[in-house]
Each structure stands twice: as C-alpha cells, then as structure tokens.
Amino acid sequence: MSASAAIQPDIAVLLPCYNEAATIGQVVRDFRNALPDARVYVYDNNSTDGTALTAMLAGATVVRERRQGKGHVVRRMFCDIDADIYIMADGDGTYGPADAEELVRTLITERADMVVGTRRGVHDDAGRNGHAFGNRLFNSLYRLLFGNDFTDILSGYRAFSRRYVKSFPAVSGGFEIETEMSVHASRLKLPVCEIELDYGRRPEGSHSKLSTFKDGFKILWMFAMLMKETRPFAFFGLISAALMGLSLGFMMPVLFEFFTTGFVARVPTWILAVTLMLTSFLSFTAALILDSVARSRAEQLRIHYLTLPSLSQLSAPPKVQTTQPKRAPKTKSDTSRAA
C-alpha cells in the first residue's frame, strides 16, 4: 500500500422498521447500490406484515428488537454494531439512499461527529398540517432552550461517527430519540453539520406511525426532562421565580393591610405566601447544586468521548514501517582478513 492511500472507512447503515414491508426491500437495495461496501442492518420492531423477510431477501442483516418504540431500537443498534461511520435512516422510503454518500463525505471532510440531513419539503409530509406545525414548534423551542446548532431536530436521516455513537447515553423510548440526539451534541459542544436534502412522500400502502398529539406530547415531555438534566439552573430557576411571584402576589395585600391597620386578618393567606416563598428559596438552592452536578456529568461524558478514536484517522495515510536491512553474519575468513 502506498503512503498516499487513504484508509477505507467501515460503514454501517441502520434502518429501524415497524411494518414497512411495502418499502423496506427497495430501501435496502438502494442503500446497497449507493454504498456498495457498507453493511446494511434492519432492526425489526415487532412488525406483522413481513418486513423482516422482505429486508432479508433484499440483502440486509435483520435483527429483532422486542421493546416497542424507535428509541429502544436505536439504543439496541448503537450497542450492537461497531463501525467507523453510521448512517441512520427510516425504512419508509422518504429519505433518499443516494444522498448517503454526501452525508459520509460531509462527515469526513468536516471532521464532524454528526451530520443531519434536514428535510426539504417536510411541511408537505402526507399533507398533515399537524406534523408541519409540530416541526416548527419543536425546532423553535429547541433553539430557545438549547441553542442554534440545528434547524431540523426531528430529522431521522443522520450520519454519526463512532465517537458520537459510543458516547451517546440513549434513554428515550420513542420518536423523541431524535431530540435527545440533538441535545447530546449541543450539550457536549460536538462538531455537527447540516445539509439540506429532499424529503419524499410515502408510497401507497405505507402509513406514518407518528401520532401528532400522543408523540408530540412525548417530545414536549422529553424537552422538559432534558432541560432538567442538562440545564437544571434554568429549569429550577424558572420554577423558583414562578413560586416567588406567586408568593408576592399573595403576600402584598396582607402586608399592605398590616401596615395600614396593624393587624393580619388573613392568616391562612399569609401562611400560604410564606410557604411559597420558602419553597422558592429551596428551588433556587436546588438549582445551584444540580447545576454543579450537571457540569460534572457533562465533563465526564466529554472525557469519555475524547478517549474514543477520532474520525481524522479515516483520511490519514497509513503508517509505513521502515526496517533496516539485516547484515550478513561474519565468517571465519572475514575475521582472518580483518586480522
């Protein structure tokens, strides 16, 4: 091998699926054509329509995950599979496998840990206005709470480095897993990129598994939990400020009455106001303590992340070992000539 040759990355394509028999076969074949050297894995999440068999016949390695929910599937995939680069997409055919090469190229050239394929035309997703409104709401809320790293946090088409995958403590169970992925990158300040890609409609016979209200509530709940875990000072500080405002609202009329008449006629109201004020102080104290704990946890995650191999070695030339030529052993005649 010449010194200018590049190391070929080991790529794994991960496709979580639930009842996608109508599309998964073509999706697997298209990914195998787009990335001939990649391994394609389909994780079947209790499908009942022959998804696993269709994927297997198309050439994918099929694994079954019994816990229902995309979050459980992603956690299992990240745990089971070792690769240099991971491509994750859906099995419904809405993401173009031909764009996978661009995701890989961007991941390597930018030396990023995650590349998100933002969805062009996502607001036309099967004509569902609820999905379009939810996407705008969640993206705006994310930028408000966690920063401006992403413009489409719910995209399921992503490329990851090994560093990202093996340092990601997935805890979600459902579609909120994409939100958790984005927060993990923002929390550790990992290098990330976005590229805009076409987003297609589902073909006839394929139906979305995303419930506008049920899964939307789960995503909102995940926002709250992730804010509590990653930004506890802001989370509990807001609670403290709300309790203090409520306490002052109850307290001011009682104080006004006391300074006017010298009496406290509404004793229960005064007790409630003082209780709320004390709770506000406790919440602020918890905010200070938990903020230090969160910083320590982020530092530990960052240190673990730094112990994993970086993506830069994929484009680096291999080391060429040079060896010194061995000298022939001296003979008796050589020794006598030297004498």
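Residues numbered from 1 in each chain as written. Predicted model: local features only at pLDDT ≥ 70, side-chain atom pairs only at ≥ 80, totals over all residues. Heavy atoms only, no water.

**Examining the packing of helix α9 (residues 232–261) against helix α10 (residues 267–306)**
So, step 1. The interhelical angle for the contact between α9 and α10, taken along N-to-C directions, is 165°, at an axis separation of 8 Å. Relative to α10, α9 is oriented roughly antiparallel. Note that α9 runs across α10; the crossing there is left-handed.
So, step 2. Looking at the contact of α9 with α10, its residues break down into 24 nonpolar, 7 polar and 1 charged. (Axes fitted to C-alpha atoms, helices over the stretch in contact; angles between N-to-C directions. Helix = DSSP H or I, 4+ residues; strand = E, 2+ residues; numbered from the N terminus. Parallel < 35°, antiparallel > 145°, perpendicular 65-115°, else oblique. Left-handed = near helix turned anticlockwise from the far one by under 90°. Nonpolar A, V, L, I, M, F, W, Y, C, P; charged D, E, K, R; others polar.)

**Some remarks on the packing of aromatic side chains**
So, step 1. Enumeration according to the criterion identifies 16 aromatic pairs in this entry.
So, step 2. Between phenylalanine 138 and phenylalanine 223 the ring centres are 6.0 Å apart and the planes differ by 25°, which places this aromatic pair in the stacked class. Here the residue phenylalanine 138 occupies a position in helix α5 (residues 129–146), and phenylalanine 223 occupies one in helix α8 (residues 212–230), the gap between them amounting to 85 residues. Across the pair, exposure class does not vary: phenylalanine 138 and phenylalanine 223 are buried alike.
So, step 3. Ring geometry for tyrosine 142 and phenylalanine 150: centres 6.0 Å apart, planes at 70°, overall edge-to-face. (Phe/Tyr/Trp six-rings, centres within 6.5 Å; stacked < 30°, edge-to-face > 60°. Buried < 20%, exposed > 50% of the residue type's maximum accessible area, 1.4 Å probe, protein only.)

**Describing the sheet that holds strand β2 (residues 39–44)**
So, step 1. Ordered in space as β3-β2-β1-β4-β6-β5-β7, the 7 strands form an open sheet in which the pairing is mixed. In the strand order of this sheet, the two ends are held by β3 (61–64) and β7 (192–198), each with one partner. Averaged over all neighbouring strand pairs, the angle between strand axes comes to 20°, with direction disregarded.
So, step 2. Summarising the sheet, strand β5 (residues 114–120) and strand β6 (residues 158–161) pair through 3 bridges and their orientation is antiparallel. Bridge pairing links valine 115 to alanine 159 in β6.
So, step 3. Across the sheet, helix α1 (residues 24–34) touches β1 (11–17), β2 and β4 (85–88), and the angle it forms with β1 is around 170°.
So, step 4. In this fold helix α3 (residues 70–80) packs onto β1, β2, β3, β4 and β6, with an angle of close to 155° to the strand it touches most, β1. (Pairing = 2+ DSSP bridges. Contact = heavy atoms within 4.5 Å.)

**Description of the environment of glycine 96**
So, step 1. Checked against the element boundaries, glycine 96 lands in the loop between β4 and α4 (100–109).
So, step 2. Between the C-alpha atoms of glycine 96 and tyrosine 157, which are 61 residues apart in sequence, the distance is 9.1 Å.

**Remarks on the layout of surface pockets**
So, step 1. Here the second largest pocket is characterised by a volume of approximately 470 Å³.
So, step 2. Forming the boundary of the second largest pocket are 14 residues, of which Arg187, Lys189, Thr230, Arg231 and Ala298 lie nearest the centre.
So, step 3. Of all elements in the fold, only α7 (177–188) and α10 reach the threshold of two or more residues within the lining of the second largest pocket.
So, step 4. Ranked by residues supplied to the lining of the second largest pocket, first place goes to α10 with 5 residues.
So, step 5. For the lining of the second largest pocket, the residue count by class is 5 nonpolar, 2 polar and 7 charged. (1 Å grid on protein atoms, 1.4 Å probe; cavity = no way out; pocket = protein on both sides within 12 Å on 5 of 7 lines; lining within 4 Å. Points joined across faces, edges and corners; volume = space filled by probe spheres on them.)

**Digging into the nonpolar core**
Generally speaking, a soluble globular protein has its nonpolar side chains buried in company with each other.
So, step 1. Among the nonpolar cores identified, the biggest contains 45 residues, and Phe78, Phe160 and Met181 are the most heavily contacted of them.
So, step 2. Those residues in contact with phenylalanine 160, other than ones at most four positions away along the chain, are Phe78, Asp84, Ile85, Tyr86, Met88, Leu107, Asp113, Met114, Val165 and Met181.
So, step 3. In terms of nonpolar packing, the next biggest core, distinct from the first, is built from 32 residues, Val13, Ala58, Ile85 and Ala89 among them. (Core = buried A, V, L, I, M, F, W, Y, C linked by side-chain atoms within 4.5 Å.)

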